[in-house]
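Residue-level structure breakdown
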Amino acid sequence: MEGIRKFPLSFLIFVLFVSFGSCETIRSAMDAENNTSTLESIFPQVEGSKEKRDRYELTGREFMIATDHPLASQAGVEVWKQGGNVVDVFTAASFAISVLRPQSTGLLGGGFAIVYLPKKGKWAYDFRERSPKKGTASYYLKSDGSPDSEKILKGPFSAAVPGNVQGILKIQKQHGKLPLSDVIAPALRYAKNGFAVYSDLANVISKVWPNMNPSMQKVFGIDNRPIREGELLIQEELFQTLTRIVENEEKEWISGETIKLVSEYYKEYDGFISEEDWKQYQVKQMDPLVSSVWGYQMMTMPPPSSGVHLVTMMQLYAEMAKRKSFPKGIVGESIQITEAMKLAYRDRAEYGGDPSFTDVPVTKLISQTYIQDEVGEIEKKVVSGNWKENQNPKEPKDSYNTTHISVMDREGNAVSSTQSINGIFGAVQMVPGTGLVLNNTMDDFSIAPGVPNLYGLVGSKANAIAPGKTPLSSMSPTILVEPSGATKLVIGAPGGSQIPTSIFNTLYHYLIQKRSLYESVSFPRIHHQFQPSTLFLDPELKGYFPESELPFYRVQYGRHRAKVFIVSKEGDKLIGVSDPKGEGIPLGF
Ligand code: DON
């Protein structure tokens, strides 16, 4: 026992977590620790190499940004050095990333942002795509009345009215310091001078190549073949579009040349997105959803984001952790985490949707009465041991896209923003003359009750298609604040349905298990999204996870897709981590 006392409580909790709940395994875990003094000896940490850590984690004091491309983080540093604030940094990185990751986001996409400036206030912005006036479910039904999942997933009718440009410009106008031309300058340069194609981009270009329309093949090809890794990607038309934004600002997105070109493109497609749609588009500004969670004030995005379901998930876990009746060790932890995830995604499927069209009972879903009642139900089921999941294996399709930007400065000024064109290269259609790829965000609506979307998510009538409506989203940009009001951390992720659980996993390891920020981001994850009825585990958990003691879950191993981008304050240090699964790095000083 001598060796055990040397270790902090967090380590003992860790041992409990990774042990299989029996004394025998707890003891052997401790023995292993005594022999080697490394956590990895008990639980493999694949992302743990020092080189990797040095690339994906950075410590500074003044300012820190974490994104999914080194040049997007660099764009942020550049405007910070010119005297910009965190909002200028976010704006520069947003425009830059739309040039650098056209497979993930872009000016014809949409997103959410939480802005927290401790001395001024806090805001939530919804600049997500909206269904066009013509957008009704009838577009996506075949003649026999069955849903046409292809039409809602690819091509001109899969796109909704974009909001990225309107949203980012509005936020910069309200809170930025620098002229727009300064904050867009890095993006203009990356588009005009080009950048070296990295492996992820080269891979998706070659995969999607046959489905690209001719304008898109022209930009992403050389000599009629897909551009390759290491070659220079120059986006001249996108440069022209960005230049028009600098000249005309938001007017360009109401009646400028870009809108004319998009409308021209849609003439062939029933005028699905019309000039009228652009005129009517409104960025929604509101208060963030603020709740007490795990000892912090959690500021997240209200519906149609999944922020509320993330709060429910975290509160359910906290309530279960207080009760003595759950099994202990990894079995108990796994049940608590999985059941919290399942219930939150059940709520999402049932209630999730645009609050202007449907009643999302936010107050109820995060109330203590609801949390306690629901935990009571889970407790009965778990204590009786007499329960079985229904087996419904419909797997989500694989996808890597969307992006997230986390920024914080020494004063705790912070921006958390997730932006997307939805699937890989969205609709896989470039609007001729613009250099812009259309989103395929109509697929985030529920085409019919119970029919899963790209991410295997199901929805109810609450998320049915209607003109002007915003589709439900998993994107959940979040900021945690200490009870004193000081900013603790900024977090968010791309990853479709796995966004909320990636944030949960990271915060669980960081705040509850007290691991380092880097370990918390890269620790093997667990995911359950209610449907399919499957517990997804990162492959490293194989052999360490007591499947035999969790017979009620259908377990499947596979890599969690979501990439977390986080900046956290520890004392006077700012630590940034860009998920080692991605291409990006944190930058700051
Ligand atoms: O808003 C949503 O839920 C989706 N459009 C996000 C897509 C996404 O994160 C894809 N990433 N793998």
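Below: a short report on this structure. (Residues numbered from 1 in each chain as written. Predicted model: local features only at pLDDT ≥ 70, side-chain atom pairs only at ≥ 80, totals over all residues. Heavy atoms only, no water.)

1. Description of the pattern of salt bridges
Side chains that carry opposite charge are capable of pairing whenever their charged atoms lie near each other. Under the definition given, this model contains 30 salt bridges. Between R130 and D126 there is a salt bridge; the shortest N-O distance is 3.0 Å. The residues R130 and D126 share a single accessibility class, namely buried. In this structure, R128 engages E129 in a salt bridge whose closest nitrogen and oxygen atoms are separated by 3.9 Å. The pair R128 / E129 is uniform in exposure class, with both members buried. Via salt bridges that share partners, D68, R101, D200 and K563 belong to a single interconnected network. (Salt bridge = Lys/Arg side-chain N within 4 Å of Asp/Glu carboxyl O. Buried < 20%, exposed > 50% of the residue type's maximum accessible area, 1.4 Å probe, protein only.)

2. Things to note about the pairing of strand 3 (residues 110-117)
Burial of strand 3 is extensive: eight of the eight residues sit out of reach of the surface. Judged by which residues are buried, strand 3 turns out to be covered on both faces: G110, F112, I114 and Y116 on one side and G111, A113, V115 and L117 on the other are all buried. Bridge count for strand 3 against strand 13 (residues 414-420) is seven bridges, and the pairing is antiparallel. Residue V115 lies in a different strand from strand 13, and its bridge partner there is V415. Bridging between strand 3 and strand 4 (residues 121-127) involves seven bridges; their strand directions are antiparallel. (Helix = DSSP H or I, 4+ residues; strand = E, 2+ residues; numbered from the N terminus. Pairing = 2+ DSSP bridges.)

3. Remarks on the packing of aromatic side chains
Counted according to the given criterion, the structure contains 20 aromatic pairs. Between W253 and W278, the aromatic rings sit 6.3 Å apart at their centres with planes inclined by 90°, giving edge-to-face as the arrangement. Of this pair, W253 sits in helix 13 (residues 252-255) while W278 sits in helix 15 (residues 275-280); the two residues are 25 residues apart in sequence, bridging distant segments of the chain. Here W253 matches W278 in class, with each residue buried. Ring pairs connect the aromatic residues Y139, Y140, F157, Y265, Y266, Y269 and F272, which therefore count as one cluster. Its end group placed over the ring of F157, K151 keeps NZ or CZ at 4.8 Å from the ring centre. (Phe/Tyr/Trp six-rings, centres within 6.5 Å; stacked < 30°, edge-to-face > 60°. Lys NZ or Arg CZ within 6 Å of the ring centre and 35° of its normal.)

4. Examining the site of the ligand
Around the ligand, a shell composed of 16 residues is seen, among which N401, D444, S473, S474 and G496 lie nearest. N401 places a polar main-chain atom, nitrogen or oxygen, 3.1 Å from a nitrogen atom of the ligand. Contact distances for the ligand include 2.8 Å between a nitrogen atom and a side-chain N or O atom of N422. Bound to the protein, the ligand loses 99% of the 350 Å² it would expose on its own. (Near = heavy atom within 4 Å. Polar contact = N/O pair within 3.5 Å; in protein donor to acceptor, adjacent residues only side chain to side chain. Areas by Shrake-Rupley, 256 points an atom, 1.4 Å probe, with all protein chains shown as cover.)

5. A short note on unusual backbone geometry
Note that the residue after P303, namely P304, is joined by a cis bond; omega there is 10°. Position of P304 relative to the elements: it lies in the loop between strand 11 (296-300) and helix 16 (307-322). Residue P532 follows Q531 across a cis peptide bond; omega there is 0°. Its identity is not glycine, yet N422 carries a phi of approximately 80°, on the positive side. Within the fold, N422 resides in the loop between strand 13 and strand 14 (430-431).

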